Amino acid sequence: MDFQLSDEQKLISEAAREFADREILPRVRDNDRAARFDRELARKMGEVGYLGAPVAEEYGGRELDHIGYGLIVEQIGRADSSARTVVSVVTSLVGGSIERWGSEEQKMRWLPRLCSGEALGCFGLTEPDTGSDAANLRTRATRTDSGWSISGQKMWISLANFSEVALIFAQTDPALKHRGLACFLVPTESEGFTTQEIHGKLGLRSSDTAEISLDEVEVGDDAMLGAVGDGFKVAMSALDSGRYSVAAGCVGICDGCVDASVAYSKERKQFGVPLARFQLVQEMIADMILKRDASRMLVYRAGVLKDEGKPNTMETSVAKLFATESAVECANLAIQVHGGSGYVDDYPVERYLRDARVTTLYEGTSQIQKLIIGRAATGINAMLPFEES
Ligand code: COS
């Protein structure tokens, strides 16, 4: 067992940190205040290879392992969770799914553009009435003479307003339940495909979030990712990677909270001494470090399993659950250390709290992660109706 990063991994992490300090930090507050999606930043992240880090080089990626990918995500997440969302969605949910399930033609058509940041993609699984119960989709795909016609609604879809391609999950035969689902690569310029921005979010304000409407959108057979019936597996395998990425981003939030709190507590004086002199302040910093380090180790464990090609759904859920809850707790503690200054955006900690809050909701709520972990431990699926479990 080796707890040290290799020299190459350290370099990857340092380069990502420098990039984030140089390209992201100077614009993060303005983007957040203006609730502005920064398309130019997404392009820059593509240029340096952060939108296709684990994708094979022949498709425009950097072919890094999952630890390397996680290190990049951590550093981007430390600077700005909205930028991190672009990395996670384009790499883990969209690019990863195309690479894993796509035909050679689909890979060549989409991956180089996604990896370079020339095009963006979004992941259309969630619907107005379907969140945790992901198999129960209402969006329908109906056979036509030349392919499929898709109709339905998708909700809370990151990047949908700026994407060139959407992965759309749809039911082909409700009687088959999850085995009737299919995933389609739908160009967003298709007739009948429209999006509407969702306003008023607590956090991730400079991340684009939208509702998608599909009104008899026609696609050919060649738009299907995998086969009819593979849709649920495409979604679950994407989420195995997406949850890992969210967890790594939350390690970055925890790390940012520690650094901001250490700096502030050494600089700010009360009762004639720096805040850092007080034991109760040190306790808060120690609690943050505990959560950051444990989250990081859990992310590394999941990443190593992924790199070894071993089953990791449970370990990924453990990492996602712990890191996301830790990010919320660390951000809350960091505000406490900063006092009134932590309540305004002169410091990053109030944004950390607002941005962290969604991570225990999306890509599977904390409750869903616990049910996945509980099922792995007991062999009993507590998500089924009682008569079927
Ligand atoms: N990778 C590939 N295939 C997987 C998989 C994975 N990680 N997990 C499950 N599958 C497959 C199973 O092997 C099974 O295949 P068969 O039909 O051949 O038997 C099939 O998918 C169904 O698996 P399972 O019975 O475990 O599915 P459930 O309906 O019990 O899954 C949960 C329930 C809650 C785990 C799932 O619906 C889920 O993750 N929900 C949360 C959704 C979510 O995160 N939404 C946020 C969207 S992005 S913001």
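Only a predicted model underlies this, so the values are computations on that prediction, with no experimental measurement involved.

(A) Here's a closer look at the domain arrangement of the chain. Taken as a whole, the chain is organised into domain 1 (7-119), domain 2 (122-228) and domain 3 (233-378). Across the contact, 28 residues belong to domain 1 and 20 residues belong to domain 2. Here domain 1 and domain 2 share an interface that buries about 2000 Å² over both sides, 69% of which is from carbon and sulfur atoms. When the buried area of domain 1 at its contact with domain 2 is split by residue, Phe 37, Gln 106 and Trp 110 rank highest and sum to 28% of it. Linking domain 1 with domain 2 are 4 residue pairs in polar contact (both at pLDDT 80 or more), by the criterion used here. Of all the secondary structure elements, the ones that give two or more residues to the side of domain 1 that touches domain 2 are α1 (7-34), α4 (81-101) and α5 (104-116). The element contributing the most residues to the side of domain 1 that touches domain 2 is α4, with 11 residues. Residue composition of the side of domain 1 that touches domain 2, by class: 12 nonpolar, 7 polar and 9 charged.

(B) A look at the packing of α4 against helix α6 (residues 231-267). Running from N to C, α4 and α6 point in directions that differ by 150 degrees, and their axes come no closer than 9 Å. Relative to α6, the element α4 lies roughly antiparallel. Like other packed secondary-structure pairs, α4 and α6 cross with a definite hand, here right-handed. Here Ser 81, Arg 84, Ser 88, Ser 92, Leu 93, Ser 97, Arg 100 and Trp 101 of α4 lie close against α6, whose contacting residues are Lys 233, Val 234, Ser 237, Ala 238, Leu 239, Ser 241, Gly 242, Ser 245, Val 246, Gly 249 and Ile 253.

(C) Fine view of the pattern of salt bridges. Under the definition given, this model contains 24 salt bridges. Across the pair Asp 346 and Arg 29 runs a salt bridge whose closest N-O atoms are separated by 3.1 Å. Residue Asp 346 is located in the loop between α8 (313-338) and α9 (349-357), and its partner Arg 29 is located in helix α1; the two are separated by 317 residues in the primary sequence. Judged by its relative accessible area of 33%, Arg 29 is partly exposed. If you follow the salt bridges from partner to partner, you end up with Arg 17, Glu 74, Arg 78, Asp 255, Asp 259, Arg 292, Asp 293 and Arg 296 in one network.

Cut-offs applied
Residues numbered from 1 in each chain as written. Predicted model: local features only at pLDDT ≥ 70, side-chain atom pairs only at ≥ 80, totals over all residues. Heavy atoms only, no water. Domains from an automatic or database assignment. Contact = heavy atoms within 4.5 Å. Buried area = accessible area lost by both parts, 1.4 Å probe. Polar contact = N/O pair within 3.5 Å; in protein donor to acceptor, adjacent residues only side chain to side chain. Helix = DSSP H or I, 4+ residues; strand = E, 2+ residues; numbered from the N terminus. Nonpolar A, V, L, I, M, F, W, Y, C, P; charged D, E, K, R; others polar. Axes fitted to C-alpha atoms, helices over the stretch in contact; angles between N-to-C directions. Parallel < 35°, antiparallel > 145°, perpendicular 65-115°, else oblique. Left-handed = near helix turned anticlockwise from the far one by under 90°. Salt bridge = Lys/Arg side-chain N within 4 Å of Asp/Glu carboxyl O. Buried < 20%, exposed > 50% of the residue type's maximum accessible area, 1.4 Å probe, protein only.

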